[in-house]
Amino acid sequence: MSEQTLHGYLVLAMFVLAALSFVALLRVAAPYGRFVRPGWGPTVPARAGWVLMESPAVILFVVVYALGRNSAADAPMALLALWQLHYINRTFIYPFRLRGRDKRIPLLIALMAFLFNCLNAYINARWISHLGEYPQDWLTGPAFLAGALLFLCGWTINQQSDGILRRLRRSGEDGYKIPDGGLYRWVSCPNYLGEILAWTGWSIAAWSLAGLAFAVFTVANLLPRALANHRWYRQTFPDYPASRRALLPFLL
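Since this is a predicted model, take the numbers as computed values, not measurements. (Residues numbered from 1 in each chain as written. Predicted model: local features only at pLDDT ≥ 70, side-chain atom pairs only at ≥ 80, totals over all residues. Heavy atoms only, no water.)

(A) Representation of the confidence of the model for the chain in the model. For the chain, per-residue confidence averages 93 on the pLDDT scale, and 96% of positions sit at 70 or higher. The lowest-confidence element of the chain is strand β2 (residues 104–106), averaging 87 in pLDDT; the highest-confidence one is helix α6 (residues 190–206), averaging 98. (pLDDT = per-residue confidence, 0-100. Helix = DSSP H or I, 4+ residues; strand = E, 2+ residues; numbered from the N terminus.)

(B) Representation of the pattern of salt bridges in the model. For the structure shown, the criterion picks out 5 salt bridges. Note that arginine 69 is salt-bridged to glutamate 133, the shortest N-O span being 2.8 Å. Here arginine 69, found in the loop between α2 (46–66) and α3 (74–92), pairs with glutamate 133, found in the loop between α4 (107–131) and α5 (142–168); they are 64 residues apart in sequence, far enough to count as distant. Accessibility assignment for this pair places arginine 69 and glutamate 133 in one class, exposed. Ionic pairing is found between arginine 90 and glutamate 195, a salt bridge with its closest N-O pair at 3.9 Å. With arginine 90 in helix α3 and glutamate 195 in helix α6, this pair connects stretches of sequence that are 105 residues apart. Taking the relative accessible area as the measure of exposure, glutamate 195 reaches 18% and is therefore buried. (Salt bridge = Lys/Arg side-chain N within 4 Å of Asp/Glu carboxyl O. Buried < 20%, exposed > 50% of the residue type's maximum accessible area, 1.4 Å probe, protein only.)

(C) Empty space enclosed by the protein, seen in detail. Under the counting rule described, the total for this entry stands at 1 cavity of 30 Å³ or more. Of the pockets and cavities examined, the largest cavity occupies roughly 50 Å³. In terms of lining, the largest cavity is formed by Leu25, Val28, Ala29, Ala30, Tyr32, Asn221, Pro224, Arg225 and Ala228. Take the lining of the largest cavity: its biggest share by element is 4 residues, from helix α7 (residues 209–236). (1 Å grid on protein atoms, 1.4 Å probe; cavity = no way out; pocket = protein on both sides within 12 Å on 5 of 7 lines; lining within 4 Å. Points joined across faces, edges and corners; volume = space filled by probe spheres on them.)

(D) Geometry of the layout of surface pockets. Of the volumes computed, that of the second largest pocket is approximately 170 Å³. The element contributing the most residues to the lining of the second largest pocket is α3, with 3 residues. Classifying every residue of the lining of the second largest pocket gives 8 nonpolar, 3 polar and 2 charged. (Nonpolar A, V, L, I, M, F, W, Y, C, P; charged D, E, K, R; others polar.)

(E) Seen up close, unusual backbone geometry. The backbone of tryptophan 207 sits at a positive phi, close to 50 degrees, despite the residue not being glycine. A positive phi angle, close to 70 degrees, is found at phenylalanine 250, a residue other than glycine. Take phenylalanine 250: it is sitting in the segment after α7.

(F) Region of interest: the nonpolar core. Ranked by internal contacts, the top residues of the largest apolar core, which has 37 residues, are Leu79, Trp83, Ile128, Phe144 and Trp202. Those elements that provide at least two residues to this core are α1 (3–27), α2, α3, α4, α5, α6 and α7. If one sorts the elements of this core by residue count, α3 sits on top with 7 residues. Sequence-distant contacts of leucine 79, that is, excluding residues within four places in its chain, are made with Ile128, Tyr134, Phe144, Trp202, Ala205 and Ala206. In terms of nonpolar packing, the next biggest core, distinct from the first, is built from 8 residues, Cys189, Leu193, Ala226 and Leu247 among them. (Core = buried A, V, L, I, M, F, W, Y, C linked by side-chain atoms within 4.5 Å. Contact = heavy atoms within 4.5 Å.)

Printed below as a string of structure tokens:
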């Protein structure tokens, strides 16, 4: 079997995984954050779990990328830069800015996310640096420019929203409060909306089935989570703004 064929099967597996995850997560909220609960086996500190599960998206991605025959070309390098802009923060900065020192997550969830990130890092890094072909004018073409702009808009929304959540708690506090400001005026989970926009943009900029599979998986993972969070806010806070939607302003 050629690597191109294997890569295609792995991309297909990502689409299947997205569909299965979407159905499962509509029924059962993943047990981390506000939904952490007993019954999922041993737990690890949340910070360590985040670093463990996100690290392949930084380290493995770079290794696979560097082995590609097109790794020094302009378009792959630009796509690499966008990817790492998100994941270096998500892996090595975001976890250490979390408030609440005693938070834990199930080790099983961290390991499942680790394996997913290994698959995702391989199919996307290998495509952009080796299996895919990008013309020399790709960086000035409409797909890259529109995709990169959408990625940066989504990344900015994600960063702003995470910052608002982080500032809700004083040092040492663990409780939840109603967030406000930014896109929280209209939706309960603008951080998830920003991440969906970012990876949709990246998939357009990369113009690959691997990128599309990741964007679809991101929606399949975060849309049910946003709906669950929205229900939780409404059940927990009687004064929660009735006009807020879960993910899309005025719509959903």
